[in-house]
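# Observations on chain architecture
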Amino acid sequence: MSDAPTQSAPPAPGPGDSGAGTGGTRGAPEAPMPTPSSPGKAVVRPGDRIFTSLTTGSAIFISVLIAAIGAFLVWRAVPALSRNEVNFLTSREWVTTDINAMAFGVLDLLQVTVLVSLFALALAMPVSLGIALFLTQYAPPRLSRPLAYVIDLLAAVPSIVYGLWGLLIFAPAIKPFAIWLNENLGWFFLFSTGSGSIQGGGTIFTAGIVLAVMILPMITAVTREVFAQTPVSHIEAALALGATKWEVVKTTVLPFGKSGYISGSMLGLGRALGETMALYMILRTTAKSATWSLFDGGSTIASKIALGYAEFNNDIQAGAYIAAGLVLFVLTFVVNAAARAAVAGKKS
């Protein structure tokens, strides 16, 4: 016998060993590996599809609704504008009693509306900013929460209550101060003698202060919520660098919440432009033209429409007031568009 090592021959493949290397231990074919989905194709779940459809439909519905309101105003205003004997945008007259000789213009109404709204906004914005900063940065929680609730409750007070308060209580109380402003600062156009009666109190000065109180809760609520979302890491980083409390507010809180502050202010301005009952009760109508003085009388567009409700039984006469409402509609749209553009510019 030879001592040379022997090598055993490999076993012959059996029936189950066919296709070696492609099967498992028993030669069964492996399941195919799942093909990864393409990176550009995201999986869309039914809930996402439904939510996207609802939000898109809501946006389209609101856009169509706004366009329908504008179209309705134009449709109802055209018959009256065709009978108007003066320029609607530049005339200060308002004579609609005779439908065959109508002369109505919106210039005076637009001037009073813009002046009283801007005056109210100029008063409300700094106060709202100070209240929002105090509630979010300085006041302890046990004090800030009750104060926030009280300020929010001011928004729930009806407009007619503000009108009664402004007419019966605030106007007599503010009259000495208004007279002092007129006598000592009358050289400045805002405090010059206007078309209204300072003694009677039914002026833009009184109405603007009452309107500022009305829009104050709205601006404060939006600003407070935005300031409260300031990242804590930013505040802590500023404090770690040795910043004082005011420096923290100036370098972190105000830059972060500036867009929200502007948005809240424009929301308040929209409320001021459309306010009706309070201004209807406080402002005294006058036949004199507006002079850009805070001591003017007159009517805003909204209060003029409320004042002329007795003429709405005639479509032509009602069309004159609808034309004024169309101007207010366009003005509000322009203000909101400008606010969104300003906010977008701040973010970028």
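Scroll up a little and you will see the structure.
Quick caveat, the model's predicted, so the values are computed rather than measured. (Residues numbered from 1 in each chain as written. Predicted model: local features only at pLDDT ≥ 70, side-chain atom pairs only at ≥ 80, totals over all residues. Heavy atoms only, no water.)

Each helix and strand counted, the chain has ten helices and two strands in total. For the chain, the sequential pattern of α-helices and β-strands runs α-β-β-α-α-α-α-α-α-α-α-α. Residue burial in the chain is summarised as follows: out of 348 residues, 36% are buried. Counted over contacts in the chain with a minimum sequence separation of 6, partners at least 24 positions apart contribute 72%. If you sum the accessible surface of the chain, you get close to 20300 Å²; carbon and sulfur atoms cover 67% of it. (Helix = DSSP H or I, 4+ residues; strand = E, 2+ residues; numbered from the N terminus. Buried < 20%, exposed > 50% of the residue type's maximum accessible area, 1.4 Å probe, protein only. Contact = heavy atoms within 4.5 Å. Areas by Shrake-Rupley, 256 points an atom, 1.4 Å probe, with all protein chains shown as cover.)

Moving on: a nonpolar patch on the surface. Side chains of I160, V161, L164, W165, L168, I169, M277, Y280, L307, Y309 and F312 sit close together on the surface and give an oily, nonpolar patch of about 1000 Å² of accessible area. Listing elements by their share of the nonpolar patch, those giving two or more residues are α4 (159-184) and α8 (277-282). Top contributing element to the nonpolar patch by residue count: α4, with six residues. Examined against the element boundaries, M277 turns out to sit in helix α8. (Patch = residues over 30% accessible without salt bridge, like charges linked within 9 Å, V, L, I, M, F, W, Y side chains within 5 Å. Salt bridge = Lys/Arg side-chain N within 4 Å of Asp/Glu carboxyl O.)

Let us look at the pattern of salt bridges. All told, the structure shown has five salt bridges when counted by the stated rule. In this structure, D108 engages R92 in a salt bridge whose closest nitrogen and oxygen atoms are separated by 2.4 Å. Of this pair, D108 sits in helix α2 (residues 107-138) while R92 sits in the loop between α1 (46-83) and β1 (94-95); the two residues are 16 residues apart in sequence, bridging distant segments of the chain. Judged by its relative accessible area of 13%, D108 falls in the buried class. On the basis of relative accessibility, which here comes to 36%, the residue R92 falls in the partly exposed class. The residue E225 makes a salt bridge to R224 at a minimum N-O spacing of 3.6 Å. Here E225 falls in the partly exposed class, since its relative accessible area comes to 45%. Salt bridges sharing partners connect three or more residues here, namely D152, R224 and E225.

Glancing now at the side chain of Q317. You can see Q317 is positioned in helix α10 (residues 315-347). On the basis of relative accessibility, which here comes to 11%, the residue Q317 falls in the buried class. For Q317, the side chain forms a polar contact with the main-chain oxygen of T96, separated by 2.8 Å. (Polar contact = N/O pair within 3.5 Å; in protein donor to acceptor, adjacent residues only side chain to side chain.)

The next point concerns the side chain of T96. Looking at the element boundaries, T96 is found in the loop between β1 and β2 (103-104). Residue T96 is classed as buried on the basis of its relative accessible area, which comes to 2%. Among the polar contacts made by the side chain of T96, one reaches the side chain of E311 at a distance of 2.7 Å. Excluding anything up to four places from it in sequence, T96 contacts M102, F104, E311, Q317, A320 and Y321.

Relative orientation of the contacting elements helix α5 (residues 204-228) and helix α7 (residues 245-274) amounts to 150°, with a least axis distance of 8 Å. If you check the angle between α5 and α7, you find them roughly antiparallel. The handedness of the crossing between α5 and α7 is right-handed. Contact residues: α5 offers L211, M214, I215, M218, I219, V222, T223, V226 and F227, while α7 offers V253, L254, F256, G257, G260, Y261, G264, S265, L267, G268, R271 and A272. (Axes fitted to C-alpha atoms, helices over the stretch in contact; angles between N-to-C directions. Parallel < 35°, antiparallel > 145°, perpendicular 65-115°, else oblique. Left-handed = near helix turned anticlockwise from the far one by under 90°.)

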